[in-house]
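Breakdown of the fold
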Amino acid sequence: MKFKLWFKTYFKIILVVFLLLLIGSSVWFLFFRFDETASGLSYLRTQKSKDIVQLKNDLATRDQEELEQMMGNGSLEIFDLFRDFLIFGDSRVYGFESYGFFPAENVLADAGHTIMNIDEGIETVKQRQPKNLFFSYGVNDM
């Protein structure tokens, strides 16, 4: 009998504490989550009002500064320098993607591709507008 009374009492205490923690964490989460969302929306509105060319230049400057910082602290790897590029090619170039050196969206290559396949990537070039285009095909193909 005493055990049941003891169990009921502690169960109620644990339940109340759990509910208070749940309510407190919910309020905290909603309050801080709203604050993060508001600052994010403010940033997006600011970016939306800027000129597209200015945004592109700002991003290029920030990218260059990031590369210089990486170079300064010794964390720069060779493939970090190939950020704004597309590479066309045959199976040798496809290897750069398949072994994970370059992201798939930057490689327009496949086994058996020749310069006759370059037309397949023109829409991608128009969309992405990369700073650099690289072409690597077999010597006989070029």
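None of these values were measured; they are calculated from a predicted model.

**Points about helix α2 (residues 52–73)**
- Given a rise of 1.5 Å per residue, 22 residues ought to cover 32 Å, and the 32 Å separating the end C-alpha atoms of α2 matches this to within 8%.
- Positioned one or two residues after α2, Gly 74 has a phi angle of 80°, which is positive.

**What to know about the environment of Arg 128**
- With respect to the helices and strands, Arg 128 occurs in helix α4 (residues 122–128).
- With 22 residues separating them along the chain, Arg 128 and Asn 106 place their C-alpha atoms 9.5 Å apart.
- Dropping the residues within four chain positions of it, Arg 128 is found in contact with Phe 85, Leu 86, Glu 105 and Asn 106.

**Some remarks on a nonpolar patch on the surface**
- Where nonpolar side chains cluster on the molecular surface, the patch consists of Phe 7, Phe 11, Leu 15, Phe 18, Leu 19, Leu 22, Ile 23 and Val 27 and spans about 800 Å² of accessible area.
- One can find Leu 22 in helix α1 (residues 2–48).
- The exposure class assigned to Leu 22 is partly exposed, which follows from its relative accessible area of 41%.

**Topic: the pattern of salt bridges**
- Per the stated rule, a full pass over the model turns up three salt bridges.
- Lys 50 serves as the salt-bridge partner of Asp 58, at 4.0 Å between the closest nitrogen and oxygen.
- For Asp 58, a relative accessible area of 31% translates into the label partly exposed.
- Of the residues examined, Lys 50 reaches a relative accessible area of 33% and is grouped as partly exposed.
- With a shortest N-O distance of 3.6 Å, Arg 92 and Asp 90 are connected by a salt bridge.

**Section: the side chain of Asp 90**
- Mapped onto the secondary structure, Asp 90 falls in the loop between β1 (85–89) and α3 (91–98).
- Polar side-chain contacts of Asp 90 include one of 3.1 Å to the backbone nitrogen of Gly 138.

**Focus: the packing of aromatic side chains**
- Throughout the structure, instances matching the rule amount to eight aromatic pairs.
- With a centroid separation of 6.2 Å and an interplanar angle of 65°, the aromatic rings of Phe 85 and Phe 134 are classed as edge-to-face. Taken together, the positions of Phe 85 in strand β1 and Phe 134 in strand β3 (residues 132–136) put the pair 49 residues apart, joining distant regions of the chain.
- For Phe 85, a relative accessible area of 1% corresponds to the buried category.

**Overview of the nonpolar core**
- With six residues, the main nonpolar core is built from Phe 85, Ile 87, Val 93, Phe 102, Val 107 and Ala 109.
- At the level of elements, β1 and β2 (107–109) are the ones that each hand at least two residues to this core.
- Residues within four places of Phe 102 in sequence aside, it is in contact with Phe 79, Phe 82, Phe 85, Ile 87, Phe 96, Glu 97 and Val 107.

**Examining the sheet that holds β3**
- The sheet built from three strands is open, its strands ordered β2-β1-β3 with parallel pairing. Each edge of the open sheet is held by one strand with a lone partner, namely β2 and β3. Along the sheet, successive strands turn relative to each other by an average axial angle of 15°, direction set aside.
- Relative to β3, β1 runs parallel, the two being bridged by five bridges. Bridge pairing links Phe 85 to Asn 132 in β3.
- Contacts from α3 reach β1, β2 and β3, with the element oriented near 145° to β2.

Conventions adopted
Think of each chain on its own: its residues are numbered from 1, step by step along the sequence as written. The predicted origin of the model limits local features to residues at a pLDDT of at least 70 and limits the giving and counting of side-chain atom pairs to 80 or more, whereas totals for whole chains, interfaces and linings rest on all residues. Excluding hydrogens and water, the side-chain values take into account all heavy atoms of the structure. In this text, helices come from DSSP runs of H or I with a minimum length of four residues, and strands from runs of E with a minimum of two, each type numbered from the N-terminal end. Expected span of a helix, by definition, is 1.5 Å for each gap between consecutive residues, and there is one gap fewer than residues. Residue contacts are counted whenever heavy atoms from the two residues lie within 4.5 Å of one another. What goes into a patch is any residue over 30% in relative accessible area without a salt bridge, connected to like charges within 9 Å or, for nonpolar side chains (Val, Leu, Ile, Met, Phe, Trp, Tyr), within 5 Å. Using a 1.4 Å probe, the Shrake-Rupley method yields the accessible areas, and only the shown protein chains count as cover for residues. Just to be clear on terms, a salt bridge is a Lys or Arg side-chain nitrogen sitting within 4 Å of an Asp or Glu carboxyl oxygen. Only protein chains enter the area calculation, which uses a 1.4 Å probe; residues under 20% of their type maximum are buried, those over 50% are exposed, and those in between are partly exposed. Identification of polar contacts relies on pairs of N or O atoms within 3.5 Å, with a donor-acceptor requirement for protein atoms, meaning one able to donate a hydrogen and the other able to accept it, and with residues adjacent in sequence counted only if both atoms are side-chain atoms. Between the rings of Phe, Tyr and Trp (Trp by its six-membered ring), a pair exists once the centres lie within 6.5 Å; its type follows the angle of the planes, with under 30 degrees stacked, over 60 edge-to-face, and the other angles tilted. Nonpolar cores are built from buried Ala, Val, Leu, Ile, Met, Phe, Trp, Tyr and Cys residues. Side-chain atoms within 4.5 Å join them into one set. For two strands to count as paired, DSSP must find a minimum of two bridges between them. Angles shown run from 0 to 180 degrees and are taken between the N-to-C directions of axes, each axis being a line fitted to C-alpha atoms and, for helices, limited to the stretch in contact.

Everything listed is a geometric property; what it means functionally is a separate question.
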